[in-house]
Amino acid sequence: MARTGLTPAQLVLLQQLEGGAERTASDLAHRLGITQATATVMIKKLEARGLLRRRPGAADRRQTWLSLSEAGDQALHIAPDGIQAKFAAEFDKLKDWEQQMIIASLMRVADMLDAEADAAPLIDSNPDLGAARPQTPGPSTDG
């Protein structure tokens, strides 16, 4: 944050637009696991700083496409790699069974701590990771 003036959540949003990607606000909200209202507030702040560009949809003028501005691209390039990016890169190198074991263990810890669902977007910024989550068995009702 000291280097770019951006929060980790804002950086994650900008990373979704990296490489020339265009997305709608609702798509960004879905990918980040946040509400549309939260995404809108973040987008407005980033746009006010000149980091995002808006383009009306060609087929539907009510739809707005978001992309990085040149300043947004520069902000991403000077931002240090976050711990989430490092974790994701190393996690992807693991075998499937190792990934499943880690996910199951972390889910168990979260259950033990009664973690709230609002923490998920910060932990799970990779949409593919959520699909791989195993179901943890509940307490046994057998004698």
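Residues numbered from 1 in each chain as written. Predicted model: local features only at pLDDT ≥ 70, side-chain atom pairs only at ≥ 80, totals over all residues. Heavy atoms only, no water.

A. Examining the nonpolar core more closely. Residues Leu 6, Leu 13, Leu 14, Leu 17, Ile 43, Leu 46 and Leu 52 are the most contacted members of the largest nonpolar core, which totals 21 residues. Looking at this core, the elements that each hand over two or more residues are helix H1 (8–15), helix H2 (25–32), helix H3 (36–48), strand E2 (64–68) and helix H4 (70–78). Beyond its immediate stretch of four places on either side in the chain, Leu 46 contacts Leu 6, Gln 10, Leu 13, Leu 14, Leu 51 and Leu 52. (Core = buried A, V, L, I, M, F, W, Y, C linked by side-chain atoms within 4.5 Å. Buried < 20%, exposed > 50% of the residue type's maximum accessible area, 1.4 Å probe, protein only. Helix = DSSP H or I, 4+ residues; strand = E, 2+ residues; numbered from the N terminus. Contact = heavy atoms within 4.5 Å.)

B. Here's a closer look at the side chain of Ser 69. By secondary structure assignment, the location of Ser 69 is in the loop between E2 and H4. In this structure, Ser 69 is in contact with Gly 50, Leu 51, Leu 52 and Arg 53, ignoring residues within four places of it in sequence.

C. Molecular detail of a nonpolar patch on the surface. On the surface, Val 109, Met 112 and Leu 113 cluster together into a nonpolar patch covering about 330 Å² of accessible area. Structurally, Met 112 is set in helix H6 (residues 96–112). Judged by its relative accessible area of 58%, Met 112 is exposed. (Patch = residues over 30% accessible without salt bridge, like charges linked within 9 Å, V, L, I, M, F, W, Y side chains within 5 Å. Areas by Shrake-Rupley, 256 points an atom, 1.4 Å probe, with all protein chains shown as cover. Salt bridge = Lys/Arg side-chain N within 4 Å of Asp/Glu carboxyl O.)

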